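Examining the three-dimensional arrangement
Residues per chain are reported as follows:
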Amino acid sequence: MSTSATAADSDASDLQKSLLSWYRHSRRNLPWRRTRDPYAIWISEIMLQQTRVAAVLDKYAQFLAQFPNVKALADASLDEVLTVWSGLGYYRRARALHQAAQMVVHHLHGKFPDTAAGWRQLPGIGRYTSAAIASIAFNEPAAVVDGNVERVLERLDGERHEGERLWERAEQLLAKRAPGDWNQAMMELGATICLPQNPQCLVCPVNGPCKTRGPLQSRPQPKRKRAELWYALYARKNSVLLVQRPADHSLMAGMWELPAIRANGVEPLHKLRHSITDTDYAVFVVRGRTAKKHGKWVTHEEAHRMAITGLTRKILRKHFAREA
DNA sequence: AACCCGTGGAA
DNA sequence: TTTCCAAGGGT
């Protein structure tokens, strides 16, 4: 068979060299880049889903310290896992992580899959995450597409790719001899240079072949919603009453919070703002008065060692700061 | 395809 | 103050 390289092959090769070289010199020093342990890589990929690096750093260290391997995670209770996850958001990730750990231990003899297809059978792991883990931890030539990669390809090619075309384009460019570094290089470029706003094109390692070198056509943004949330704060001495959300609730299942109440005209103890996905909430906390039988009385310190929601954390911090 | 799921920091 | 977003998955 012919071995002559096409122009497209040559272009891809130059692009690969430029980007890989840049990545190996300029990448951020992140903890999950110092390991090839599939378990540690897996945890990092789940935590990083739709979540900023800065928010993940602390949780990542804490999670690995408490659950150092898949057996420890599988043996832990869901509540323990949710407690560490508390504040990170998207709590279904923690549930799926726990469930996947038990599947690996009980059905796969504690041995992780070594292919993207195998990883994808596990809950909470889709096309992106399976390819990320397989390429980084097992050197499988599987391209990833995340928000960064989609944006980088849009600028590079001067057109948006959608659906399956997007994945095909990512596969075309993949450096098959270094898939883990390549995938991370594409994402690192998107996260640090090829930004949504104000891209740093002057210092971009691939500005030569880039067809855009500037702002992208903006997309219409879905309008944000507004709503109110009302909670009752029952306080005695140093304790407050928390209740647990139903385990089968679609929103923050199993997490602890203040008892929710209907809106009323009582002057709130606390007023604050909180956003959950596409809704901006005005939050009102009134003093609890009626008898309350269900729930758990906890101190501020105890609450922070429970699986409380981010909003609950925010309310309690404000409340006990005022008490002090 | 469209929608839902959290959070807090930056602009 | 408000807007925008960040290494997606599940349905």
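Residues numbered from 1 in each chain as written. Chains lettered and ligands numbered in written order. Predicted model: local features only at pLDDT ≥ 70, side-chain atom pairs only at ≥ 80, totals over all residues. Heavy atoms only, no water.

**Remarks on the protein's contact with DNA strand C**
In the vicinity of DNA strand C lie 26 residues, with Arg52, Gly124, Thr129, Asp146 and Asn148 positioned nearest. The sugar-phosphate portion of DNA strand C accounts for 68% of its atoms within 4 Å of the protein, the bases making up the rest. At 2.5 Å, a backbone N or O of Gly124 approaches a phosphate oxygen of DNA strand C. One nitrogen or oxygen atom from the side chain of Thr129 is found 2.5 Å from a phosphate oxygen belonging to DNA strand C. Put simply, the parts of the chain that give the surface near DNA strand C at least two residues each are α2 (38–48), α8 (127–138), α9 (147–157) and α11 (179–192). Counted by class, the surface near DNA strand C contains eight nonpolar, nine polar and nine charged residues. (Near = heavy atom within 4 Å. Polar contact = N/O pair within 3.5 Å; in protein donor to acceptor, adjacent residues only side chain to side chain. Helix = DSSP H or I, 4+ residues; strand = E, 2+ residues; numbered from the N terminus. Nonpolar A, V, L, I, M, F, W, Y, C, P; charged D, E, K, R; others polar.)

**Notes on the packing of α9 against α11**
At a closest axis distance of 8 Å, the pairing of α9 and α11 adopts a crossing angle of 80°. Taken as axis vectors, α9 and α11 run roughly perpendicular relative to one another. Facing α9, whose interface residues are Asn148, Val149, Arg151, Val152 and Leu153, α11 presents Met186, Met187, Leu189, Gly190 and Ala191. For the contact of α9 with α11, a count of residues per class yields seven nonpolar, two polar and one charged. (Axes fitted to C-alpha atoms, helices over the stretch in contact; angles between N-to-C directions. Parallel < 35°, antiparallel > 145°, perpendicular 65-115°, else oblique. Contact = heavy atoms within 4.5 Å.)

**Here we look at the domain arrangement of chain A**
Partitioning chain A into domains gives domain 1 (8–203) and domain 2 (225–323). For domain 1 and domain 2, the distance between their C-alpha centroids amounts to 34 Å. Between domain 1 and domain 2, the contact holds eight residues from the first and 15 residues from the second. Of the roughly 780 Å² buried between domain 1 and domain 2, counting both surfaces, carbon and sulfur atoms make up 52%. At the boundary of domain 1 and domain 2, one finds zero salt bridges. (Domains from an automatic or database assignment. Buried area = accessible area lost by both parts, 1.4 Å probe. Salt bridge = Lys/Arg side-chain N within 4 Å of Asp/Glu carboxyl O.)

**Observations regarding helix α13 (residues 310–323)**
Spanning 14 residues, α13 covers 20 Å between terminal C-alpha atoms, matching the ideal 20 Å at 1.5 Å per step. Residues of α13 that are buried: Leu311, Thr312, Arg313, Ile315, Leu316, His319 and Phe320. (Expected span 1.5 Å × (residues − 1). Buried < 20%, exposed > 50% of the residue type's maximum accessible area, 1.4 Å probe, protein only.)

**Some points on the protein's contact with DNA strand B**
Taken together, 19 residues form the shell around DNA strand B, and within it Tyr90, Tyr91, Leu251, Ser275 and Gly310 come nearest. Counting only the atoms of DNA strand B that lie within 4 Å of the protein, the sugar and phosphate share comes to 52%. Taking Gln50, its main chain carries an N or O atom lying 3.1 Å from a base nitrogen of DNA strand B. With respect to DNA strand B, the backbone of Tyr91 contributes an N or O atom lying 2.8 Å from a phosphate oxygen. Among the elements that line the surface near DNA strand B, the one with the most residues is strand β5 (residues 270–276), at three residues.

**Notes on the environment of Ser218**
Mapping Ser218 onto the fold places it in the loop between α11 and β1 (225–233). C-alpha separation for the pair Ser218 and Asp58, spaced 160 residues apart in sequence, amounts to 33 Å.

**A word on the nonpolar core**
Trp42, Phe63 and Leu73 are the most contacted members of the largest nonpolar core, which totals 58 residues. Looking at which element gives the most residues to this core, the answer is α2, with seven residues. Looking at which domains feed residues into this core, each of domain 1 (8–203) and domain 2 (225–323) supplies at least three. The contact partners of Trp42, leaving out residues within four places of it in the chain, are Val70, Leu73, Leu97, Ala100, Ala101, Phe112, Trp119, Ile125 and Ile133. Counting residues in hydrophobic clusters, the runner-up holds 33 residues, among them Ala12, Ala131, Leu173 and Ala175. (Core = buried A, V, L, I, M, F, W, Y, C linked by side-chain atoms within 4.5 Å.)

**Observations regarding the UniProt feature "domain: HhH-GPD" (unreviewed entry) in chain A**
Following the UniProt record, the feature "domain: HhH-GPD" (unreviewed entry) maps to residues 47–192 here. Secondary structure across residues 47–192 comprises 66% helix and 0% strand; the distance between its end C-alpha atoms is 19 Å. (UniProt positions renumbered as here; feature names shortened; annotations may be inferred.)

**Re α8**
Three- or four-residue spacings in an α-helix give side chains the same orientation, since the helix completes a turn every 3.6 residues. The end-to-end C-alpha distance of α8, which contains twelve residues, comes to 16 Å, matching closely the 16 Å that a straight helix rising 1.5 Å per residue would cover. Counting buried positions along α8 yields ten of twelve residues, so the element is predominantly enclosed. By the burial criterion, the buried members of α8 are Tyr128, Thr129, Ser130, Ala131, Ala132, Ile133, Ala134, Ser135, Ile136 and Ala137. Tucked into the core, α8 has its buried residues touching α2, α7 (116–119), α10 (164–173) and α11. Among the residues trailing α8, Asn139 stands out with phi positive, at a value near 60°.

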